[in-house]
Amino acid sequence: MNPARLPFPYRPEATAVAESLAALHGHLDWPAVIRTATPWVRAVREQPAPFWAMESLLREYPISSAEGLALMRLAEALLRVPDAETAIALTADQLGRADFDSASEGSPHKMLAQLSASAISLSKKFLPESDNPPGLLQRLGARTVVAATVRAIQLLGRQFVLGRTIAEAMAEADSQRKGQPALRFSYDMLGEGARTERDAERYLASYTHALQAIAGGRQAASPMTADGISIKLSALFSRYEDAQRERVFAELLPRVRTLVELAAQANLNLTIDAEESDRLELSLDLINTLAGEIAARFPQWQGFGLAVQAYQTRALAVIDEVAAVAQRHGLRSGAARPRRRDLPAVRHPQRGHYRSHRADGPCGRRAVRAATPARYGRRHLPRAAARARRAAAAHLRAGGRAP
Amino acid sequence: MGEHRDLLAYLVRRLLENGANSSFVHQLADDAVSPDLLLASPLVSLMHAPEVGALPLPVDLYGSARRNASGVDLACAAHAGPLLQALTRVQVEPVTDLTAAEAGAAMARLDAGFVDWCARPLAERAALLRTAADRLEARLPEFCALLVQEARKTWGDTVAEVREAVDFCRYYAQQAEERLADQTLPGPTGESNLLRLHGRGVFVCISPWNFPLAIFAGQVVAALVAGNTVAAKPAEQTPVVARRFVALLHEVGVPADALAWLPGRGETVGAALVADARTAGVCFTGSTAVARLIQRTLAAGDGPIVPLIAETGGLNAMIVDPTALPEQVVDAVVQSAFRSAGQRCSALRLLCVHEGIAEPLIAMLAGAMAELRLGPAADLATDVAPVIDAEAAAGLQRHIARLRQEARWLAETPAVAERAVEGEGAGAGAPAHLVPPVAFEIARVADLKEEVFGPVLHVVRWGPGQAARDVESLVAQINALGYGLTLGVQTRIDSRAQRIADAARVGNVYVNRNMIGAVVGVQPFGGEGRSGTGPKAGGPHYLYRFCAEQTLTINTAAAGGNAELLSGGA
């Protein structure tokens, strides 16, 4: 068993929070935060991004309400159901307990809310009371309701997802960029972790294809000005766990290496996604190995990064450890706090994984980049690390949970 | 990016996990929340109330009355280290089986010890259990290592088992104090009525090799705390870990003539104990066949009518409908069917998959089975360790050979070279007895006839084109197997899960999770039909079965009048 890179993970939260608070004392100018952020809040509200629809829908039907929960749970399951009987039973079961008629007027994303509402109201008339087989007439009605619900969920999916394929996603990205040329995207292949070797191969092919498509045969001037990709290690190997450490290095590492090569050659950002906390030490070992290889083979590349779960009691130690890894291999750790013009991949945990994020928002996870050569210069490493610590600490309580 | 049907499930789960309406992003989207309110420093509230967690820590999960057993994180070097070190220290010594005569002599001692032990105050007996729990918890690494060596359990399984034993001690101590104390009963004036519970006498506890510490300990401490003396017969394959636990109980103060460790064969020691005229109760966990044998022996006796608590096997099914998430199903199936090499009475034997999703689900299951690692129990990387002994391995191989003829082979974990696990277990050079997990498809539920105690999974399809057309007929067919221990249900249709649970004649129903690893006091464990008599182990009704009851009615007016009435009291 390898020696731990991080502190003991089982510590009382109160102690850890108190330590973080003490570290912040005197370093944080909150009025300045408010002055800086207030225009951002206004801008976001005046020009909501298309994916904002989800937030609006959730305000209409909060997850804490029966309706919101029913809608979400249908979205979670309905599309994968292959047969009509089961689809009807599921829809009846979920919609049967919700009251969608009272949705308020004047919702900003009326269409979506209304479509859901009408599908759901119809369900009252046509869906069987429980999961018993309905009569013929009822069955015809039920199929209509299910079809309408599926349609609503697909609309919902469209709000959430940039595209079903990388080509579709890139086309959508380009169309969004027309109005906002500085917009940058970090593409993420969504889905469950791999359970089989075939799943892992499929994800590897999908990441590879996406990287090639994003690169488009060119070399970007800088990763910071180009779109990038984020990859999930547990999608690339079905046994990404500490107990299978030998296999992780023998089987997973070569896969990640091929993706790193592609990203480095195209000079793009490649962010390694956060995993469950019991794989954190393993992830850091893997990143340490990759950092060594990158320093040797692609010393000019600045696009290697990882996402850090900022709410963890070990978050600051992770950032210190990443900085130490970068220093050991002579890489720069350009950690956290992005300047306005070069934005690393920062994610909103509340939305899970999806597309790019321009705002340095109140995120649960934060991308930390280790790249070379030094933008700050190696002598500035401690300062960069301290900055990362402060930024991460400020967001410790922002909540969120990574996959 | 991705196909909607693949990623919505994932997105929504994340959203439901993270999407509290009080979250920053939701408030950002809500114009009603002013920027000042939105941007208020989160640190202020933290400074004033740093302890914001509403959830209890794991150790406090069951409230102040009972401490939860401490866990071990095997991915954490500081936790796993002591376990691995303990393995180099522990030794499984050879054990000589007792003769029937020696068992009889022990029964005489235990019978003589009963009166004193039963007279001990309840609080004292409960306190001994709590002390034992603390000692066992402190010695967790040593007991885990013993379980690896003697019972070929993987590390994860050993941790769960020691914790279960600790929980049993604390739970029965708490239950005894809450439920076995004297109760005053109502009645007319001039009379007092009291209900009192006490031990029955010598309880014979016979436990299996698959949980040689947890089940052994659960039976023994339940019988003890209820006031019985205990003849504890461990399984032939695993006497040493039981011996250590009995020694621990003696160390904390359980008298030698209240508890005896009686190793030996079932046919000799077990049979002698059950047939002994001094036996006042039998608690047995093991096969249905042996439970029947015990029942007949007890029935044939001319002495007292002796209660039997039997927990036996099961033909445990999992019902998967098309709304279930395949990845979650595969995780649950692999854990339920193959963890502990399928050597759990709760283990999944019959996976019932809706025909509409059967092909892709079976393909994913096959892929997941291919990724499991067979190996020695002592290796942290091992998923499936050798089965308990040569006899078990041979029996499983026979069943598998028959299935290769009669059923459709679906999937199998690749075998590893046997020499990789040699030298483990009873002695160096012992044969490995590795049985790779395997899955076969059968045509109908009724084709499954007997419990196969190992990593062998049977799969059956249900749906309009199959023998079981719908969920109702499927549950009826599962009930008709006659067993009733555990049942898994995988569906997003809440009312369906509820109706399946209502219709199933099964002791433990698990929805959208695996179906093994029942937790003491949380999922009391035990079934019905051929799966056992109940009451459930680790449940609130268990201890009563170990007790005799007595009412004590006193005519308080016998000596003339009721003094309390005169004094204005009762």
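Throughout what follows, the structure given in this document is the object of discussion. Note that the coordinates shown come from a computational prediction; the quantities given were computed from them, not determined experimentally. (Residues numbered from 1 in each chain as written. Chains lettered and ligands numbered in written order. Predicted model: local features only at pLDDT ≥ 70, side-chain atom pairs only at ≥ 80, totals over all residues.)

1. Focus: the overall build of chain A
Cut-off, in case you're wondering: The numbering of helices and of strands both runs from the N terminus, where a helix is a DSSP run of H or I of at least 4 residues and a strand a run of E of at least 2. Any two residues are considered in contact once their C-beta atoms, placed from the backbone, lie within 7 Å.
Check the secondary structure of chain A and you find 14 helices and seven strands. For chain A, the share of sequence-separated contacts (at least 6 apart) that also reach a separation of at least 24 residues comes to 76%.

2. With respect to the overall build of chain B
The line we're drawing: What the globule rule says is 2.2 Å times the number of residues to the power 0.38, and the radius of gyration is computed from C-alpha atoms.
Along chain B, the regular secondary structure elements total 19 helices and 15 strands. Over its C-alpha trace chain B gives a radius of gyration of 27 Å, about what one expects of a compact globule, namely 25 Å for 570 residues. Each principal axis of the C-alpha distribution contributes one length, and for chain B these read about 90 × 70 × 50 Å. Look at the contacts in chain B between residues 6 or more apart in sequence, and 76% of them connect residues 24 or more apart.

3. Observations regarding the nonpolar core
Inclusion rule: Structurally, a nonpolar core is described as a collection of buried Ala, Val, Leu, Ile, Met, Phe, Trp, Tyr and Cys residues joined by way of C-beta atoms within 7 Å. Remark: C-beta atoms are placed from the backbone, and a residue is labelled buried if 20 or more other C-beta atoms sit within 10 Å of its own, exposed if 12 or fewer do, or partly exposed between those counts.
Formed by 261 residues in total, the largest nonpolar core has its most connected members in Leu236(A), Cys169(B), Tyr172(B), Leu213(B), Ala231(B), Ala232(B) and Cys352(B). Here the element with the most residues in this core is helix α9 (residues 155-179) of chain B; it accounts for twelve residues. Aside from chain neighbours lying at most four places away, what touches Leu236(A) is Ala194(A), Ala200(A), Tyr203(A), Leu204(A), Ile231(A), Leu252(A), Arg255(A) and Val256(A).

4. With respect to the pairing of strand β11 (residues 438-441) of chain B
Residues and elements named next belong to chain B. Operational definition: What makes two strands pair is DSSP finding at least two bridges between them.
Burial along β11 is two-sided: the residues Val-438 and Phe-440 and Ala-439 and Glu-441 are all buried. In the sheet, strand β10 (residues 408-412) pairs with β11 via four bridges, with the strands oriented antiparallel. Across the sheet, Trp-409 pairs through a bridge with Phe-440, a residue of β11. One ladder, built from four bridges, connects β11 with strand β12 (residues 456-462); its direction is parallel. In the strand pairing of β12, Phe-440 is matched with His-458.

5. Focus: the packing of helix α8 (residues 166-179) of chain A against helix α9 (residues 197-215) of chain A
All names here are of chain A. What counts, and what does not: Helix axes are fitted only over the stretch in contact, all axes being lines through C-alpha atoms; the angle between N-to-C directions runs from 0 to 180 degrees. Handedness of a helix crossing follows the sense of rotation of the near helix relative to the far helix, less than a right angle counterclockwise being left-handed and clockwise being right-handed. For this classification, Asp, Glu, Lys and Arg are treated as charged, while Ala, Val, Leu, Ile, Met, Phe, Trp, Tyr, Cys and Pro are nonpolar and the rest, including Gly, are polar.
Where α8 contacts α9, the axes come no closer than 10 Å and their chain directions differ by 35 degrees. For the pair α8 and α9, the crossing hand works out as right-handed. On the side of α8, the interface is formed by Ile-166, Ala-167 and Met-170, while α9 contributes His-209, Ala-210 and Ala-213. The residue inventory of the contact of α8 with α9, partitioned by class, reads five nonpolar, one polar and no charged.

6. With respect to the sheet that holds strand β3 (residues 202-206) of chain B
Residue and element names in this part refer to chain B. An order of β5-β4-β3-β6-β7 is seen for the five strands of this open sheet, with the pairing classed as parallel. Every interior strand has two partners, whereas the edge strands, β5 (259-261) and β7 (308-311), have only one. Taking each pair of neighbouring strands and ignoring which way they run, the sheet shows an average axis angle of 15 degrees. Across three bridges, strand β4 (residues 229-233) lies against β5 in parallel orientation. Across the sheet, residue Ala-231 finds its bridge partner in β5, namely Ala-260. Against the sheet, helix α12 (residues 266-275) makes contact with β3, β4 and β6 (279-285), and its axis sits at roughly 155 degrees relative to β4, the strand it touches most.

7. Observations regarding the environment of Ala75(A)
Considering the arrangement of structural elements, one finds Ala75(A) in helix α4 (residues 66-77). Each C-alpha atom of the pair Ala75(A) and Leu190(A) lies 15 Å from the other, and the pair is 115 residues apart in sequence. What Ala75(A) contacts, discounting residues up to four positions off in sequence, is Ile153(A), Leu156(A), Leu8(B) and Val12(B).

8. Some remarks on the sheet that holds strand β8 (residues 316-320) of chain B
All names here are of chain B. Taken together, the seven strands give an open sheet; going across it, the order is β10-β11-β12-β9-β8-β13-β14, and neighbouring strands pair in mixed fashion. At either margin of the open sheet sits one strand with a lone partner, and together these are β10 and β14 (508-511). Here the average twist between neighbouring strands, direction ignored, is 20 degrees. By the bridge criterion, four bridges tie strand β13 (residues 486-490) to β14 in an arrangement that is parallel. When the sheet's bridge partners are listed, Thr-486 is paired in β14 with Asn-508.

9. Details of the interface of chain B and chain A
Of the residues lining the interface, 66 residues belong to chain B; the matching set on chain A comes to 84 residues. Only α1 (4-18), α2 (24-29), α3 (35-38), α4 (42-48), α5 (77-89), α14 (326-338), α15 (355-370) and α18 (494-503) of chain B provide two or more residues apiece to the side of chain B that touches chain A. Top element by residues in the side of chain B that touches chain A is α1(B). It accounts for 15 residues. Of the residues contributing to the side of chain B that touches chain A, the split by class is 36 nonpolar, 14 polar and 16 charged.

10. Brief notes about the environment of Gly301(B)
Residues and elements named next belong to chain B. Along the chain, the position of Gly-301 falls in the loop between α13 (288-300) and β7. Owing to 14 C-beta atoms within 10 Å, Gly-301 belongs among the partly exposed residues under this scheme. The spatial distance from the C-alpha of Gly-301 to the C-alpha of Asp-276 is 8.8 Å, given a sequence separation of 25 residues.

11. With respect to the packing of helix α11 (residues 245-266) of chain A against helix α12 (residues 280-297) of chain A
Residue and element names in this part refer to chain A. Where we set the bar: Roughly parallel means an angle under 35 degrees; roughly antiparallel means over 145; roughly perpendicular covers 65 to 115; every other angle is labelled oblique.
Running from N to C, α11 and α12 point in directions that differ by 45 degrees, and their axes come no closer than 10 Å. It follows from the interaxial angle that α11 and α12 lie oblique. Our pair here, α11 against α12, has a crossing hand that is right-handed. Every residue of α12 that contacts α11 at Arg-245, Val-248, Leu-253, Val-256, Arg-257, Val-260 and Ala-264 is listed here: Leu-282, Leu-286, Thr-289, Leu-290, Glu-293 and Ile-294.

12. Structural notes on helix α2 (residues 30-46) of chain A
An α-helical turn contains 3.6 residues, so a residue and the one three or four places further along point in the same direction. Let me state the cut-off plainly: In this scheme, a helix's expected span is set at 1.5 Å multiplied by one less than its residue total. Bending is quantified residue by residue as the angle between axes fitted to the seven-residue window ending at that residue and the seven-residue window starting at it.
Over its 17 residues, α2(A) extends 24 Å from the first C-alpha to the last, a length consistent with the 24 Å expected when each residue adds 1.5 Å. In the structure, α2(A) departs most strongly from a straight axis at Ala37(A), where the bend amounts to approximately 30 degrees and where the proline Pro39(A) lies between one and four residues downstream.

13. Some words on the pairing of β7(B)
Looking down a regular strand, the side chains alternate between one sheet face and the other. All names here are of chain B. Our working definition: Look down the strands so they point away from you; if the path from the first strand over the helix to the second goes clockwise, the crossover is right-handed.
Pairing of β6 with β7 involves four bridges; the strand directions are parallel. Along β7, the bridge assignment pairs Thr-285 with Glu-311. Between β6 and its parallel partner β7, the chain crosses via α13, and the hand of that crossover is right-handed.

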